[in-house]
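# Structural overview
The chain contents come next:
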Amino acid sequence: MSMFRAKKLDLGCFTNIRVLRDHAKRKAFVEAEPERQALRYVIRNTTLPARTRAVAQLQLTQMHAYTRPTQIRNRCTFGGKSRGVLRDFKMTRYNFRMNALMGNLPGVKKASW
């Protein structure tokens, strides 16, 4: 686990252990993604022998959990929360509302109809 943790971080946002862990997961995912894709291609290729495909499947299952795309969560850059995050702005609903009302988000204004 410590091998995935970054030595020095300047994320430019709120940091707690969950944010650091998420950053480590994203880094590990990016580094291992080409290998994961190659193994998945070998597994799905039905023209290859069954033994080769089984070995590739075993290698894929033995890769670290942080290399899986399902481990990554969207987190708020202001508070580090993972629920209610707007993808386009990378912030929670509450932080989005406060920043929009203060005018910190260009092109965003309160709706009125």
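Report follows, based on the coordinates. Worth saying up front: this structure is predicted, and the values here are computed from it rather than measured.

What counts as what
- Residues numbered from 1 in each chain as written.
- Predicted model: local features only at pLDDT ≥ 70, side-chain atom pairs only at ≥ 80, totals over all residues.
- Heavy atoms only, no water.
- Salt bridge = Lys/Arg side-chain N within 4 Å of Asp/Glu carboxyl O.
- Helix = DSSP H or I, 4+ residues; strand = E, 2+ residues; numbered from the N terminus.
- Buried < 20%, exposed > 50% of the residue type's maximum accessible area, 1.4 Å probe, protein only.
- Contact = heavy atoms within 4.5 Å.

A few words on the pattern of salt bridges. When charged atoms on two side chains of opposite charge get close, those side chains can pair. In total, this model carries 1 salt bridge according to the counting rule given. When the shortest N-O distance is used, the salt bridge between Asp 22 and Arg 26 registers 3.0 Å. Residue Asp 22 and its partner Arg 26 are both found in helix α1 (residues 17-44); the two are separated by 4 residues, about one turn of the helix. Taking relative accessible area as the criterion, Asp 22 reaches 9% and is therefore assigned buried. The class for Arg 26 is partly exposed, based on a relative accessible area of 34%.

On to the side chain of Asn 95, then. The residue Asn 95 is located in helix α3 (residues 93-102) in this model. Each residue touching Asn 95, except ones within four places of it in the same chain, is listed here: Cys 76, Phe 78 and Gly 79.

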